[in-house]
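The residues making up each chain are set out below.
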Amino acid sequence: MSDGVPDEARRWLSLFHAGDRPVLNACYREHFDTVYRAAARVLPAVDAETVVHDVFLRLMSDESARRSFKGGSLSAWLHTLSRNLAVDRVRRRQREGAALAQLAAEPRDVEPPAPPELELDADLLVERFRRERLPAKWAPVFEARFVRHLSQREAATALGMHRTTLAYQELRVRRLLEKFLLTPEAR
């Protein structure tokens, strides 16, 4: 806060509490280093930067956070605020670490759970589509693009065809597949 007369200090404080943009901008510019240094004493640099963002986000978006400053040294208040947030972040990380360690120490099931039957259903559906709807001449394109997930360029090279021909056949296969999947008897 400036060393001006008490009326000026009160005016500045009321602008600060109201969230006046120029006042908050000046606060950010003047006190960024203070907030960063306070957080960096507790946290690594990347996390300290996150605390800086949290502090100034609170000041810009939360009137009750701004109103908790009653006057005096803004620098000291911001230092305390950022240090407290940094300590909270360390505590949260420690709690998460303890919880993860506890989970890791718990015995696990010896047998992995059975895979969902959706994969089996999907495989059956693909086989049924191949049998009932897919023309044999488009089967290689279906295999390359929809089953093996090759790019158009890779599939065209693997099948020895022009990419435009592959794209046309892929479009036709896609339409057949959509029609097949959207009809009630396919499900």
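Residues numbered from 1 in each chain as written. Predicted model: local features only at pLDDT ≥ 70, side-chain atom pairs only at ≥ 80, totals over all residues. Heavy atoms only, no water.

## Topic: the packing of helix H7 (residues 139-147) against helix H9 (residues 163-182)
Alright, step 1. Relative to each other, H7 and H9 sit at 80 degrees, their axes nearing to 10 Å. Considering the angle they form, H7 stands roughly perpendicular to H9. Of H9, the residues touching H7 (which contributes Val141, Phe142, Arg145 and Phe146) are Leu166, Gln169, Glu170, Val173, Arg174 and Leu177.
Alright, step 2. Across the contact of H7 with H9, the residue classes break down as 6 nonpolar, 1 polar and 3 charged. (Axes fitted to C-alpha atoms, helices over the stretch in contact; angles between N-to-C directions. Helix = DSSP H or I, 4+ residues; strand = E, 2+ residues; numbered from the N terminus. Parallel < 35°, antiparallel > 145°, perpendicular 65-115°, else oblique. Contact = heavy atoms within 4.5 Å. Nonpolar A, V, L, I, M, F, W, Y, C, P; charged D, E, K, R; others polar.)

## Structural notes on the environment of Val35
Alright, step 1. Within the secondary structure layout, Val35 lies in helix H2 (residues 21-40).
Alright, step 2. Assessed through its relative accessible area of 0%, Val35 is described here as buried.
Alright, step 3. When the C-alpha atoms of Val35 and Val55 are compared, they prove to be 7.9 Å apart, with 20 residues separating the residues in sequence.
Alright, step 4. Sequence-distant contacts of Val35, that is, excluding residues within four places in its chain, are made with Val52, Val55, Phe56, Leu78 and Ser82. (Buried < 20%, exposed > 50% of the residue type's maximum accessible area, 1.4 Å probe, protein only.)

## Focus: helix H1 (residues 6-18)
Alright, step 1. Here H1 spans 18 Å end to end across 13 residues, near enough to the 18 Å set by a 1.5 Å rise per residue.
Alright, step 2. Listed as buried for H1 are Ala9, Trp12, Leu13, Phe16 and His17. All buried residues of H1 fall inside an arc of 135 degrees around its axis, so they share one side. Opposite the buried face of H1, by more than 90 degrees, sit the exposed residues Asp7, Arg10, Arg11 and Ala18.
Alright, step 3. Tucked inside the fold, the buried residues of H1 contact H2, helix H3 (45-61), helix H4 (63-67) and helix H5 (74-105).
Alright, step 4. Looking one or two residues beyond H1, the residue adopting positive phi is Gly19, at roughly 80 degrees. (Expected span 1.5 Å × (residues − 1). Arc of directions from axis to C-beta.)

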